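# Residue-level structure breakdown
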2 protein chains.
Amino acid sequence: MLDLAILGLLHEQEQHGYEIRRRLRDELGLFANISFGSLYPALSRLEAAHAVTVIESSGGAAAPSMPFTGSLSGERAGLRARRAGTPRGTKRSRKVYRITDQGRRLFEQLLDADERPGADDARSFGLRLAFARHIAPQARLALLERRRAQLTRRLATDQVRASGDTLDVYTRSLVEHSTEATEHDIAWLDRLIESERLKQPAPRSENREPHTGDAVTATKGTSP
Amino acid sequence: MLDLAILGLLHEQEQHGYEIRRRLRDELGLFANISFGSLYPALSRLEAAHAVTVIESSGGAAAPSMPFTGSLSGERAGLRARRAGTPRGTKRSRKVYRITDQGRRLFEQLLDADERPGADDARSFGLRLAFARHIAPQARLALLERRRAQLTRRLATDQVRASGDTLDVYTRSLVEHSTEATEHDIAWLDRLIESERLKQPAPRSENREPHTGDAVTATKGTSP
DNA sequence: CCAACGATATATCAGTTCGATATATCAATG
DNA sequence: CATTGATATATCGAACTGATATATCGTTGG
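Residues numbered from 1 in each chain as written. Chains lettered and ligands numbered in written order. Predicted model: local features only at pLDDT ≥ 70, side-chain atom pairs only at ≥ 80, totals over all residues. Heavy atoms only, no water.

### Let's talk about helix α1 (residues 2–12) of chain A
Counting buried positions along α1 of chain A gives nine out of 11 residues, so the element sits mostly inside the fold. Among all positions in α1 of chain A, only Leu2, Asp3, Leu4, Ala5, Ile6, Leu7, Gly8, Leu9 and Leu10 of chain A are buried. (Buried < 20%, exposed > 50% of the residue type's maximum accessible area, 1.4 Å probe, protein only. Helix = DSSP H or I, 4+ residues; strand = E, 2+ residues; numbered from the N terminus.)

Printed below as a string of C-alpha cells:
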C-alpha cells in the first residue's frame, strides 16, 4: 500500500524520501506520520523491483537531465552556500528517486488491481481517490462504486450488531455513531458518483438504473 | 492493542481463541476480522506474561471449578454426542483462557496509560470506549476529552491542508469530507461528554467553563 | 566565536499485525 | 461414506510502527 503512495507521488515529480514523507503527511493526510521504518524499506523494495531509480545521491555533480521546475535549489549547494542567499537549501546527502516506465506500469496495476477488502480499507480507498485523476473515467467510477458497495455491506453488519441487546451504553453509542458515519460516507460517495456520471455519457447503459440512496434510506426503514 | 481487547473480553468471561475472534468481530466491530496470526501469538504472549491461564485444554475431564453460566455446553461432549440432542457443541480441542489477577491489573493499566497518539488512534479509542464501563467515571471523562482534543488538533491540520490550492478535485473532496467527518465525531463526543458530566457532580470545578462547540463552530469562522 | 539545539536526512531494529496456509475434528450434505 | 463446510489452533513471511542511531546544516544565544 505504501508502494502505491510512493509511486503516486513520484509519478508527478522526482523526490527524496524525507520529502515524500512530508507530502504524505501534509497533502494526502492519509498516513498521518508514516514511519521511516516503513518508508525507506519501501523505497529499497521499489528500487530492487526496478520501479524507481536513484537520480542523485549527494550534493556533488551529476545534475539530472531534466532541470525540474520544482521548489528547491538542490544542485551543488553546500559549497560556499555559507552566507549568500538560498535561505532554504540542500541539507545533507539526499537520495533523489525517479519513477521508471516499469514503475509507472506497476502504479497503474496497483491502482485498480490490488484492492483487497481488508482491515484497513478506508486508507486504501482514500489513497486511490487521491490519485484518481491518473486513471480512466470508467475505472474511477468503478472505484467509487466498489467503495459504495463495501460501505453498504458494512452498514448491514453494523445494524445486525446494533439490533442485539447485549451491548452496554458506550458500545451501543459507538456502534450507532459508526453507523451514522458510514451513512454519511455513502451520501458523500453518491455525490461523487453523480458528479462522475455527469462528466461521462453513461458508458453502456441498459440494465442501469439510478440507485442513489437505496441503502442509505433503507437504514431508516428496514425495521418493521 | 490486541492485548487490551483480549483482556477486555476475558474480563467478562473465560473463552477460547476462536470465540474471542467472533466476539471481536460481531460485538466490538473494531478489528473487522482479526487475523489468527495476531490472535494466537497474542494469547501466547499474555500467557507468558501470566496475564491469562489456560483452564481447559481438550474435551476431556478437568471441568473448571467455576461452572460458568455461559452459553454453550462444552464439558465432556464429543463422546457419544453422535445422534442425540446437543445441536451446537464442543468442536475439537479448544484452549479456554481465563484472566488472572495480574491480567486484570494489566488491563486497567493498558486502559488509561498506553494511549499513544499514533496512526491508528480511532481504533484505539473505540476499543477503550467499548470497555469504558470498567473504568472510573473520571477516567472515562478524561478519555473522552483526550479524544476530543486529538480530533480538534486534526481539524486544525485538515484546514491547513484544505487551504492550499495545490489539491486536485478528488483530493480536495477527500479532505473536505474528512473534515466534516471529524466535526461530526467531535459533536458526538460533546454529547457523550455532556452525558458523563450529568452523571457526576463536576469533580473539582473552578477554571472549568463549558467548552461545548468551540472548535466545531470555529471551523466556520477562522478564515478572515 | 562556538556550543547547543532543532530541522533535515537516511538507516536499522525489535515488536505487532496481517494474509496465507497447514492441520485436525466434527456436522451436514448428498 | 466421501465431500464439503464450520470450528479450532498454529505458523510463516511480509509489512508497518516506534524507537533509536548517525550525520549534516542552520539558528540561537551565552
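Having put the structure on the table, let's press on.
### Observations concerning the pairing of strand β3 (residues 96–99) of chain A
Residues and elements named next belong to chain A. Relative to β3, strand β1 (residues 15–16) is paired through two bridges, and the arrangement is antiparallel. Directly across from His16, in β3, lies its bridge partner Val96. Note: strand β2 (residues 52–56) against β3, four bridges, orientation antiparallel. When the bridges of β3 are listed, Glu56 appears paired with Val96. (Pairing = 2+ DSSP bridges.)

### Quick notes on the sheet that holds strand β3 (residues 96–99) of chain B
Residues and elements named next belong to chain B. The three strands lie next to each other as β1-β3-β2, forming an open sheet whose pairing is antiparallel. Whereas interior strands pair on both sides, the edge strands pair on one side only; in this sheet they are β1 (15–16) and β2 (52–56). Along the sheet, helix α3 (residues 36–48) makes contact with β2 and β3, crossing β2 at roughly 105°. (Contact = heavy atoms within 4.5 Å. Axes fitted to C-alpha atoms, helices over the stretch in contact; angles between N-to-C directions.)

### Side note on the pattern of salt bridges
Using the criterion set out here, one finds 30 salt bridges over all chains in the structure. Linking Asp121 of chain A and Arg147 of chain A is a salt bridge whose minimum nitrogen-to-oxygen distance equals 4.0 Å. One end of the pair, Asp121 of chain A, is in helix α5 (residues 121–130); the other, Arg147 of chain A, is in helix α6 (residues 137–163), with 26 residues separating them in the sequence. Taken individually, Asp121 of chain A and Arg147 of chain A each receive the classification buried, so the pair is uniform in this respect. Here Arg98 of chain B and Glu14 of chain B are joined by a salt bridge, their closest N and O atoms 2.6 Å apart. Note that Arg98 of chain B is positioned in strand β3 and Glu14 of chain B in the loop between α1 (2–12) and β1, a separation of 84 residues in sequence. Residue classification places Arg98 of chain B among the partly exposed positions, given a relative accessible area of 22%. Judged by relative accessible area, Glu14 of chain B falls into the buried class, the value being 12%. Each of the salt bridges in this network shares a partner with another, and the network as a whole consists of Glu12, Arg23, Glu27 and Arg133 of chain A together with Asp168 of chain B. (Salt bridge = Lys/Arg side-chain N within 4 Å of Asp/Glu carboxyl O.)

### Here's the deal with the relation of the copies chain B and chain A
Two copies of a chain can be linked by a rotation about an axis combined with a shift along that same axis. Structural alignment of chain B on chain A gives an RMSD of 0.0 Å, achieved by rotating through 180° and translating 0.0 Å along the axis. Within this description, the copies of the chain are treated as partners about a two-fold rotation axis. Identified as the residue of chain B closest to the rotation axis by C-alpha distance is Ala181 of chain B, at 3.5 Å. Counting the interface residues of chain B, we find that 100% of their copies in chain A are interface residues as well, pointing to one common contact surface. (Least-squares fit on C-alpha atoms with pLDDT ≥ 70 in both.)

### Some remarks on the packing of α1 of chain B against helix α4 (residues 101–112) of chain B
Residues and elements named next belong to chain B. For the pair α1 and α4, the least separation of the axes is 10 Å and the interaxial angle reads 130°. When the interaxial angle is binned, α1 and α4 end up oblique. You can see that α1 and α4 cross each other, and the crossing is left-handed. Here Asp3, Leu4, Leu7, Gly8 and His11 of α1 lie close against α4, whose contacting residues are Gly103, Arg104, Leu106, Phe107, Leu110 and Leu111. Class assignment of the residues belonging to the contact of α1 with α4 gives a composition of six nonpolar, three polar and two charged. (Parallel < 35°, antiparallel > 145°, perpendicular 65-115°, else oblique. Left-handed = near helix turned anticlockwise from the far one by under 90°. Nonpolar A, V, L, I, M, F, W, Y, C, P; charged D, E, K, R; others polar.)

### Things to note about the interface of chain B and chain A
The partner chain A presents 29 residues to the 29 residues of chain B that form the contact. Summing both partners gives a buried area of about 2,600 Å² for chain B against chain A, and 59% of it is carried by carbon and sulfur. Summed over the three residues of chain B that lose the most area to chain A, namely Tyr170, Leu174 and His177 of chain B, the buried surface amounts to 27% of that side. One salt bridge in this structure joins Asp168 of chain B and Arg133 of chain A, with 3.3 Å as the shortest N-O distance. At the junction of chain B with chain A, the criterion picks out 18 residue pairs in polar contact (both at pLDDT 80 or more). At the level of secondary structure, the elements contributing two or more residues to the side of chain B that touches chain A comprise α2 (17–28), α5 (121–130), α6 (137–163) and α7 (169–199) of chain B. (Buried area = accessible area lost by both parts, 1.4 Å probe. Polar contact = N/O pair within 3.5 Å; in protein donor to acceptor, adjacent residues only side chain to side chain.)

### Focus on the sheet that holds β1 of chain A
Residues and elements named next belong to chain A. With antiparallel pairing, the three strands of this open sheet are ordered in space as β1-β3-β2. The two strands at the open ends of the sheet, each matched to only one other strand, are β1 and β2. Of the strands in this sheet, β1, β2 and β3 touch α1, which is tilted by about 90° from β3. Packing of helix α3 (residues 36–48) onto the sheet brings it into contact with β2 and β3, and relative to β2 it is tilted by some 105°.

### Side note on the packing of α5 of chain B against α6 of chain B
Residues and elements named next belong to chain B. Contact geometry of α5 with α6 gives a least axis separation of 11 Å together with a crossing angle of 160°. The angle between the axes of α5 and α6 places the two elements in the roughly antiparallel class. Relative to α6, α5 is oriented so that their crossing is left-handed. From α5, Asp121, Ala122, Phe125, Arg128 and Leu129 reach across to α6, where they touch Leu143, Leu144, Arg147, Gln150 and Arg154. Here the contact of α5 with α6 is composed, by residue class, of five nonpolar, one polar and four charged.

### Here's the deal with the packing of aromatic side chains
All names here are of chain A. Going through the model one piece at a time under the given rule, you end up with eight aromatic pairs over all chains. Taking the centre distance of 6.3 Å and the plane angle of 85° together, the rings of Phe125 and Trp188 count as edge-to-face. Of this pair, Phe125 sits in helix α5 while Trp188 sits in helix α7 (residues 169–199); the two residues are 63 residues apart in sequence, bridging distant segments of the chain. This pair shows no difference in class: Phe125 is buried, exactly as Trp188 is. Within the aromatic cluster, the residues linked to one another by ring pairs are Tyr18, Phe36 and Tyr40. (Phe/Tyr/Trp six-rings, centres within 6.5 Å; stacked < 30°, edge-to-face > 60°.)

### Some thoughts on a nonpolar patch on the surface
Taken together, the side chains of Tyr18, Phe36 and Tyr40 of chain A present a nonpolar region at the surface, about 320 Å² in accessible area. Of note, Tyr40 of chain A is situated in helix α3. (Patch = residues over 30% accessible without salt bridge, like charges linked within 9 Å, V, L, I, M, F, W, Y side chains within 5 Å. Areas by Shrake-Rupley, 256 points an atom, 1.4 Å probe, with all protein chains shown as cover.)

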